[in-house]
Structures are given as structure tokens and as C-alpha cells.
Amino acid sequence: MNKLIEERTRRTEWYRDARFGMFIHWGLYAIPARGEWVRSRERIKKENYDYLMDEFSCENYDPKEWARLAKKAGMKYAVLTAKHHDGFCLYDSKVSDFNSMNAACHRDLVKEFLDAFRAEGIKVGLYFSLLDWRHEDYPHYGDMHHPMRDNEEWKGYNHNFDNYLDFMHAQIKELVTGYGKLDLMWFDFSYGPMNCDKWKAKELMEMVREYQPDIITDNRLEGSAEYAGTIKTLNPSTYAGDFASPEQMIPPEGIVDEAGNSIPWEACITMNNNWGYHAHDKHFKSDKLIIRMLVECVSKNGNLILNVGPKANGEIPKESVEILEKVGDWMKENSKSIYGCGISEYNKPEWGRFTQNGKFLYAHVFEEQAGAIALCNMVGKIKKMRLLRDGSEILQSNYWNLKEFAKDAFFFFDTSASDCYPLPDDRDS
Ligand code: JFZ
């Protein structure tokens, strides 16, 4: 096997077992509360955005509480935006004054996040934006993603991109050298003309690996919305990343390489319709849908990283908290069907999904059927079938007619993950 693929497989072992993570988009944009792209979308000038740092006091920021919530929800890793496209650093950057030490809070928010999540035994990652809308050597005029893209003042401005790269590499170096062991780095993102070579990606990854040999990264340093990069080939580049990062969708067939083998991937998905806090976006997905999304990812050998957008004061919106607590209730009884599980050798059934871990098959019943639930092509394969929730056995007469468990839709779903496995006695036979 290709050495880079071998290393990727080794490095991502914990990650492929973890299956469920928390994404956290937090920054100055939480103050206007219209999403993290507000500066670009509304063409806000620097002087009309910078002052937000004087208001960013984060008085209720308690990352220990975030970490407890993530743990309760069953999340095994978490990724915080150390810097988003607006350029504001949630850490003590020595190469930019636009950071949280100089904001009203005067705190290193990244450090506190890392300490709190590590203390809960949750793996930690940082999101870092390759774009920086604030740096004057980042391309402005005509760049489709820049707030000043059509501002005539910038026409013909001669930016020095190498200067920008020195700055960007220095910021990443601060993160990988100053904060202990990081499990994951989430780069965002390449697009059109701005791609791998432009970022000096090869040198960048060499530097990152020098200080963090086991860190895993997403594929967006090389890849873009249109182009996954070489991660799907049998000969990936050194900066192809360790996992693919489909956004706001679950790939219909999972993600495989050119030889048809699964590669690590993670669907990043918001709970409402925004990454950053949005005061009026109340379009939250139900806990039931989120559980199904998680099961779907696992059934296709992927992960789900679910986003929260804390308010400017540091509180996770109460809607998100309530949903995550309900997801946690389900995980408490059913997480065996998630951690360490993946695609099943059996085809997707009509009524739901299978996840599998070795000889343990987990049946997630999503749809109430008119009559019996058919377990096709499994005659003689099932030794025992039990409810995962309480371990109680489901007799053949019952599992042919699981409708019995459908007292109502929620109950039906809540108890849906059952596993079929040999009783302890016959396990080795
Ligand atoms: C990016 C960010 O822009 C967004 O704010 C969020 O952080 C998300 C997780 O990642 O989203 C993208 C990236 C690329 C495209 C669109 C959204 N794109 O190329 O169209």
C-alpha cells in the first residue's frame, strides 16, 4: 500500500472510531448575529468591523460547560474556529493585534477551550481560515470571496502575497507550537485560483508535521468545493489531508478512493442554517433528524461533525443545548451502534439502516412498517437479537413483527437500535 495512505490509516484510527464531533464557530460575527460571513455579504469596511473587538467581552464563556455538553451528547472530538475569514484570532497571536487578548475579554479563548475539552477526554482540533479578509496583502479586488471585492478603492492595489503567506504560516506555527498536542487541524478553504501551491501547502504541512507528527487534517488545503484534491487517488500528495470534508450534505454513497476503498470522511453540518450565531435563524433540525444523520454517516463509514454557533457572550444557544441533550439521551443507550462502527456487509434495508462492528450488527429502524419488518438474506445468520437499550431479547415471532414496538413514532425510533449477536456463551463457538 502507498506509504501516505498507510500513514493516514494509522493516524485516523481514533477518528474513524470516534464518529461524532462538535464544530464550534465563534468570533466577533456573533455580535451582529447574522452569520460568520456578515462582513463579506454586507460589504462591511474594516473600520466598521474592527470595533466589534471592543465589545467582545465573552462574560459567560465557560468552555468547561461546552465540554460537558459535548461529552453528554456523545461527541468524541471538538473543533473551534481559532481564526475565521474575518481574521480575528481567538488566541494570543504575536503577529496580529486583531486577537482576543486585545479584545474586551482579554482572554486566550483557544487555550481555555483546549484545557477544558482535554480535561473531559475529548480530542481537540482547531479550524484555521486560509483566507483573511483583513490582511492587506490578501487579494482584494475581484476576489469573489472578499468583502472589498468590488470596492473601486482597491482596484489596482498591489498586494504582496508572499508577505501574506509569511504571516499565515507564522500564525499556524503559533498554534502548532504554543498549545500542546493538537489532534486535528481544519483548514478552510481552497477555491478557484486560490489553491494548494498558492498557499505553499507543501512547506506548510512539513512545518505542521514537524511539531505535530500525529495531527490529522481535512482536505481543504488542497481541495475545494469542486475538487476534493488528491485524497481520493492512490497516490495522494503530502498535503491532501487525512479526511474529506463534504459540507451540509451526506454523500449518497459514502466516499471511496479510485480503487473503491472507503477513505475517512466527515460531513460538517449545522444545527440550524448558519455556522456563526444568527439571532433570527430558528430553523433547527430536530434531535430525531440529527440522530438519523449520525447513523447515516456511520452506515457509510463516515463521521458527523455537528456545529454550534455560540452567542457573543459565550453561551451556546438554548435550542442547540436542548437538542444536544436529547441526542445525548439516545447516545447513552445506543452509542455502541455508533463508536467503532461502520458500513455493514448487508445492504441497506427498506425500513432504516444497518451499522456494523465486526460480528455485531446494529439495526436502526427508521420507518414504521405496515406489518412485519423483513430481514432479507439473513436467514440463519442471526444468532440472537436484542434491544440495545436494555439488552432484552427480541424473539423471532417479535422481530418478524417489530410493529409491536411502535407504540408511537418517537418510542419506536428511540428504541430502534437493536443489535443481533451471539449470547456471551456462544461467542467463541
Ligand atoms: C466554509 C466557510 O466559508 C464557512 O463559513 C464555514 O466555516 C464552513 C465550515 O466552511 O464554507 C464554505 C467553503 C467553501 C465554499 C462554500 C462554503 N465554496 O467553495 O463554495
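Residues numbered from 1 in each chain as written. Predicted model: local features only at pLDDT ≥ 70, side-chain atom pairs only at ≥ 80, totals over all residues. Heavy atoms only, no water.

**So, the overall build of the protein chain**
- Within the protein chain one finds 11 helices and 11 strands.
- For the protein chain, the proportion of contacts with a sequence separation of at least 24, taken over those separated by at least 6, is 71%. (Helix = DSSP H or I, 4+ residues; strand = E, 2+ residues; numbered from the N terminus. Contact = heavy atoms within 4.5 Å.)

**Comments concerning the layout of surface pockets**
- Taken as a whole, the largest pocket holds about 580 Å³ of empty space.
- Classifying every residue of the lining of the largest pocket by side-chain character gives 16 nonpolar, 10 polar and 6 charged.
- The space that makes up the second largest pocket amounts to roughly 280 Å³.
- Lining of the second largest pocket is provided by 14 residues; of these, R8, T9, S262, I263 and P264 occupy positions nearest its centre. (1 Å grid on protein atoms, 1.4 Å probe; cavity = no way out; pocket = protein on both sides within 12 Å on 5 of 7 lines; lining within 4 Å. Points joined across faces, edges and corners; volume = space filled by probe spheres on them. Nonpolar A, V, L, I, M, F, W, Y, C, P; charged D, E, K, R; others polar.)

**Description of the nonpolar core**
- Within the largest apolar cluster, 104 residues are counted, with the highest numbers of intra-cluster contacts made by W26 and F117.
- Top element by residues in this core is helix α6 (residues 161-178). It accounts for 8 residues.
- With sequence-adjacent residues up to four places away left out, F117 is seen in contact with M22, I24, P63, W66, A67, A70, A78, I122 and V124.
- Membership of the second largest hydrophobic core comes to 14 residues, among which are F23, Y77, W186 and W275. (Core = buried A, V, L, I, M, F, W, Y, C linked by side-chain atoms within 4.5 Å. Buried < 20%, exposed > 50% of the residue type's maximum accessible area, 1.4 Å probe, protein only.)

**Considering empty space enclosed by the protein**
- Counted under the stated rule, the structure contains 2 cavities of 30 Å³ or more.
- Looking at the largest cavity, its volume works out to about 110 Å³.
- Taken together, 16 residues make up the lining of the largest cavity; nearest its centre are N272, F284, G309, P317 and S320.
- Within the residue set of the lining of the largest cavity, elements represented by two or more residues are β7 (303-308) and α9 (318-334).

**Topic: the site of the ligand**
- With respect to spatial proximity, the complete set of residues near the ligand consists of H25, E36, W37, H84, H85, Y127, D188, F189, R220, A225, E247 and W275.
- At a separation of 2.8 Å, an oxygen atom of the ligand approaches a polar side-chain atom of H85.
- Contact distances for the ligand include 3.0 Å between an oxygen atom and a side-chain N or O atom of E247.
- Burial of the ligand by the surrounding chains reaches 82%, relative to a free accessible area of 440 Å². (Near = heavy atom within 4 Å. Polar contact = N/O pair within 3.5 Å; in protein donor to acceptor, adjacent residues only side chain to side chain. Areas by Shrake-Rupley, 256 points an atom, 1.4 Å probe, with all protein chains shown as cover.)

**What to know about the pairing of strand β3 (residues 123-129)**
- By the criterion of burial, β3 is predominantly enclosed, with 6 of the 7 residues buried.
- As defined by bridge partners, strand β2 (residues 77-83) adjoins β3 across 6 bridges and the pair is classed as parallel. When the sheet's bridge partners are listed, V79 is paired in β3 with G125.
- For the crossover from β2 across helix α5 (residues 109-119) to β3, the handedness is right-handed. (Pairing = 2+ DSSP bridges. Right-handed = clockwise from strand over helix to strand, strands pointing away.)

**Observations concerning the side chain of T12**
- In this fold, T12 is placed in the loop between α1 (3-11) and α2 (13-18).
- A polar side-chain atom of T12 sits 3.4 Å from the main-chain carbonyl oxygen of T9.
- Sequence-distant contacts of T12, defined by excluding residues within four places in its chain, comprise I216, D242 and P264.

**Digging into the sheet that holds strand β1 (residues 20-24)**
- Strand order in this open sheet of 7 strands is β5-β4-β3-β2-β1-β7-β6, and the pairing throughout is parallel. Two strands lie at the open edges of the sheet, namely β5 (216-217) and β6 (266-270), each paired on one side alone.
- Sheet contacts for helix α8 (residues 287-299): β1, β6 and β7; angle to β7, the most-contacted strand, approximately 150°. (Axes fitted to C-alpha atoms, helices over the stretch in contact; angles between N-to-C directions.)

**Digging into the packing of aromatic side chains**
- Tallying each qualifying case throughout the model produces 27 aromatic pairs.
- Ring centres of Y91 and Y179 lie 6.2 Å apart, and the angle between their planes is 90°; this geometry places the pair in the edge-to-face category. Linking Y91 in the loop between β2 and α5 with Y179 in the loop between α6 and β4 (184-188), this pair joins segments that are 88 residues apart in sequence.
- Take Y179: its relative accessible area is 10%, and that puts it in the buried class.
- Among the aromatic residues, ring-to-ring pairing joins W26, F56, Y61, W66, F88 and F98 into one connected group.
- Positioned above the aromatic ring of Y339 is the side chain of K76, whose terminal nitrogen or guanidinium carbon lies 4.4 Å from the ring centre.
- Directly above the aromatic system of W14 lies the positively charged group of K123, at a separation of 5.3 Å from the ring centroid. (Phe/Tyr/Trp six-rings, centres within 6.5 Å; stacked < 30°, edge-to-face > 60°. Lys NZ or Arg CZ within 6 Å of the ring centre and 35° of its normal.)

These figures come from the coordinates and say nothing about function on their own.
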